[in-house]
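Chain and residue survey
In case you want the letters, here they are:
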Amino acid sequence: MIRLPTTMSCVAFPRKMLMKNSMKNCSRFISSQTNYDIVIVGGGLVGATLACVLGKNSRLSDKSILLLEGSKKRDWKLPELYSNRVSSLNQATYNLLNEIGVWRHIQSSRYGTVKRMQIWEANSEAVINFKGDYSDENLAYIVENDLTLHSVYKELENSNVSVLNEASLQDLKLSKGTESHQLTLKDGSVFGAKLLVGCDGYSSQVRQKIGVHYVSHSYGQMGVVATLELEEQCDNTTAWQKFLPTGPLALLPLNDKFSSLVWTTTPQHAKKLLALTDQDFTDELNYHLYNSPKSNVIVEKSSRVFDQLLHALNCPSTKDSQLPPKIARCQERSRASFPLGFGHATNYVQKGVALVGDAAHRVHPLAGQGVNLGFGDISCLNGVLGEAVYAGSELGDLLYLKEYETERQRHNVPTMLAIDGLYRLYGTDFPPVVLLRSLGLQAVNALSPLKGLLKNHAAS
Ligand SMILES: Cc1cc2nc3c(=O)[nH]c(=O)nc-3n(C[C@H](O)[C@H](O)[C@H](O)COP(=O)(O)OP(=O)(O)OC[C@H]3O[C@@H](n4cnc5c(N)ncnc54)[C@H](O)[C@@H]3O)c2cc1C
């Protein structure tokens, strides 16, 4: 099929305003150009990284790319204290950041490594352990979001991408034909885009304006985050997650003395946790980490018999479980909470438009997959756009964009459903369910191939 290149339409814009803005706000603004091949709305972790990846794709080297970010440009330097917002980045994300030169900036700053994970629950003794197949293999990397973002913006300076801050999308006129889409910003400036990419987070304006169906629900839960100092310096390379009846509590290693907390709980409990003194909060946290309500006798006995059987068969059993490190204190003013929800756009693309990251899908943080799914979208879209250009097609060609949608939904949907299912499975203390999930967890822990499958899926 031959697809002819299209010409761009010219859009009107208040030039004075744009020039003023470009002097004041933009990180890198090259001209008074208003028509771009690709406009990315949202310069968070996903949007900024997408801009950097596309800007470094040699097949797209003659394409003009603009990144619009609603917030102010921040001068950032690595603070002495760790930020409370961190992400667990999987191996595929590490590879992507490494390829585009971003990882070297993170590497020269600071990050935590996860070599082992232990997941257990309050209502039974069942445990699952994951570890790398080789002693030097990392399962994940714990990086402060601000550091990742700063590193991406630093690397963006080495690309041909134009970045405009304080540039909030206000209105969007979608083109039905070959002309560009027309984007109007809050300050009245107007830009044209052959391909528009919405990376504007879970409340995405782009998604709302293109009118795709979005399935969503709130978990009615908050994620309480904090930076924690451990009682003792140790080889802190294990990520710990304990499922409490109110929600999962996770400790992510930052270095040998500090870990980051993500504690999912009810809004009322979250409010109480935030109101406690640092010392009372630490005591409450240690209590929940180390104590469990008395479990049901049948669950306890069945789980013990099953464990003895696994042990007799030389399979990993709960005896391999370890205790998490004791927390000495919570870093001052490091506590905060965030609402948690699920969301999925039934379509990620339309002609000349694509949704990427949280704009397309939002998951519970219990599996540390949210932004990793977004980074997976980036790799896929980058490949598809490169192919489209190589074949002489338009950037916004729906045939190519559909490839992106299909490939990513094949990965994202099962992952999202599994995370949502896990959340529900652990959201009850009804004894038959507790028994089934305890035996299931012990069985998965004992079966290396199944465990390997889970590990590989989470890493991709
Ligand atoms: C407590 C918690 C812990 C988490 N832990 C992990 C983890 O360990 N691992 C993991 O993979 N994920 C984790 N996540 C999920 C992860 O934080 C999100 O998936 C990720 O931040 C989404 O990035 P994004 O760039 O798609 O969206 P966002 O981070 O929401 O960025 C959107 C950007 O778009 C901009 N914007 C919005 N509207 C406009 C507009 N109209 N015009 C211009 N710009 C606009 C915003 O200013 C923002 O910069 C966690 C989430 C929470 C809440």
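You'll find the structure just up there.
This part is about the overall build of the chain. In terms of helices and strands, the chain carries 13 helices and 20 strands. A total of 460 residues make up the chain; the buried ones form 53% of that total. Expressed as a percentage of contacts within the chain between residues at least 6 apart in sequence, the contacts between residues at least 24 apart total 76%. Surface summary for the chain: the accessible area is close to 20,900 Å², and the carbon and sulfur share equals 54%.

To continue, consider the site of the ligand. Close contacts around the ligand come from 29 residues, with Glu69, Ser88, Leu169, Asp358 and Val371 the closest. Leu45 is positioned such that a nitrogen or oxygen atom in its backbone is 3.4 Å from an oxygen atom of the ligand. A distance of 3.3 Å separates a nitrogen atom of the ligand from a polar atom in the backbone of Gly368. Elements with a minimum of two residues in the shell around the ligand: α2 (45-55), β3 (86-89) and α10 (370-390). Of the residues belonging to the shell around the ligand, the class tally is 11 nonpolar, 14 polar and 4 charged. The residues that make up the shell around the ligand include at least three from each of domain 1 (15-74 + 149-216 + 341-418) and domain 2 (86-145 + 220-338).

The subject of this paragraph is the side chain of Glu155. With respect to the helices and strands, the residue Glu155 is situated in helix α5 (residues 145-156). A polar contact of 2.8 Å, which involves the side chain of Glu155, links it to the side chain of Arg104. When residues no more than four places from it in sequence are discounted, the contact partners of Glu155 are Cys52, Lys56, Ile100, Gly101, Val102, Arg104 and His105.

For the pair helix α3 (residues 91-99) and α10, the least separation of the axes is 9 Å and the interaxial angle reads 50°. Relative to α10, the element α3 is oriented oblique. Where α3 crosses over α10, the two elements pack in a sense that is left-handed. On α10, the residues touching Thr93, Leu96 and Leu97 of α3 are Asn372, Phe375, Ile378 and Ser379. For the contact of α3 with α10, the residue count by class is 4 nonpolar, 3 polar and no charged.

Both the distance between ring centres and the angle between the ring planes are used here to describe each pair of aromatic rings. In total, this model carries 10 aromatic pairs according to the counting rule given. Between the aromatic rings of Tyr94 and Trp103, the centroid separation amounts to 4.9 Å while the plane-to-plane angle is 70°, which identifies the pairing as edge-to-face. Trp103 shares its class with Tyr94; the two are buried. With a centroid separation of 6.1 Å and an interplanar angle of 55°, the aromatic rings of Tyr111 and Tyr141 are classed as tilted. Of this pair, Tyr111 sits in the loop between α4 (103-107) and β4 (112-114) while Tyr141 sits in strand β7 (residues 140-144), placing them 30 residues apart in sequence. With relative accessibility at 5%, the residue Tyr141 sits in the buried group.

Below, the discussion takes up the pattern of salt bridges. The full count for this structure, using the stated rule, is 12 salt bridges. Of the charged contacts in the structure, one is a salt bridge between Glu155 and Lys56, with a shortest N-O distance of 2.6 Å. In this pair, Glu155 sits in helix α5 while Lys56 sits in the loop between α2 and β2 (65-68), placing the two residues 99 residues apart along the sequence. A relative accessible area of 2% places Glu155 in the buried class. Glu394 serves as the salt-bridge partner of Lys351, at 4.0 Å between the closest nitrogen and oxygen. One end of the pair, Lys351, is in the loop between β18 (349-350) and β19 (353-355); the other, Glu394, is in the loop between α10 and α11 (398-425), with 43 residues separating them in the sequence. Residue classification places Lys351 among the partly exposed residues on the basis of a relative accessible area of 40%. Residue class for Glu394 comes out partly exposed when judged on its relative accessible area of 23%. A cluster of three or more residues bridged by salt bridges with shared partners is formed by Lys56, Arg104 and Glu155.

Turning to the nonpolar core, a few remarks are in order. Judged by nonpolar contacts, the single largest core of 72 residues is most densely connected at Ile40, Leu67, Leu68, Leu183, Val197, Leu381 and Tyr404. No fewer than three residues from each of domain 1 (15-74 + 149-216 + 341-418) and domain 2 (86-145 + 220-338) sit in this core. With near-sequence residues (within four places) excluded, Tyr404 lies in contact with Tyr348, Val349, Ala354, Leu355, Val356, Asp377, Cys380, Leu381 and Val384.

Right, let's get into the environment of Ala226. With respect to the helices and strands, the residue Ala226 is situated in strand β12 (residues 214-230). Among all residues touching Ala226, those that are not within four sequence positions of it are Asn84, Ser259, Ser260, Leu261, Phe281, Cys330, Ser334 and Arg335.

Procedures and definitions
- Residues numbered from 1 in each chain as written.
- Predicted model: local features only at pLDDT ≥ 70, side-chain atom pairs only at ≥ 80, totals over all residues.
- Heavy atoms only, no water.
- Helix = DSSP H or I, 4+ residues; strand = E, 2+ residues; numbered from the N terminus.
- Buried < 20%, exposed > 50% of the residue type's maximum accessible area, 1.4 Å probe, protein only.
- Contact = heavy atoms within 4.5 Å.
- Areas by Shrake-Rupley, 256 points an atom, 1.4 Å probe, with all protein chains shown as cover.
- Near = heavy atom within 4 Å.
- Polar contact = N/O pair within 3.5 Å; in protein donor to acceptor, adjacent residues only side chain to side chain.
- Nonpolar A, V, L, I, M, F, W, Y, C, P; charged D, E, K, R; others polar.
- Domains from an automatic or database assignment.
- Axes fitted to C-alpha atoms, helices over the stretch in contact; angles between N-to-C directions.
- Parallel < 35°, antiparallel > 145°, perpendicular 65-115°, else oblique.
- Left-handed = near helix turned anticlockwise from the far one by under 90°.
- Phe/Tyr/Trp six-rings, centres within 6.5 Å; stacked < 30°, edge-to-face > 60°.
- Salt bridge = Lys/Arg side-chain N within 4 Å of Asp/Glu carboxyl O.
- Core = buried A, V, L, I, M, F, W, Y, C linked by side-chain atoms within 4.5 Å.

That is the geometry; function is a separate question.
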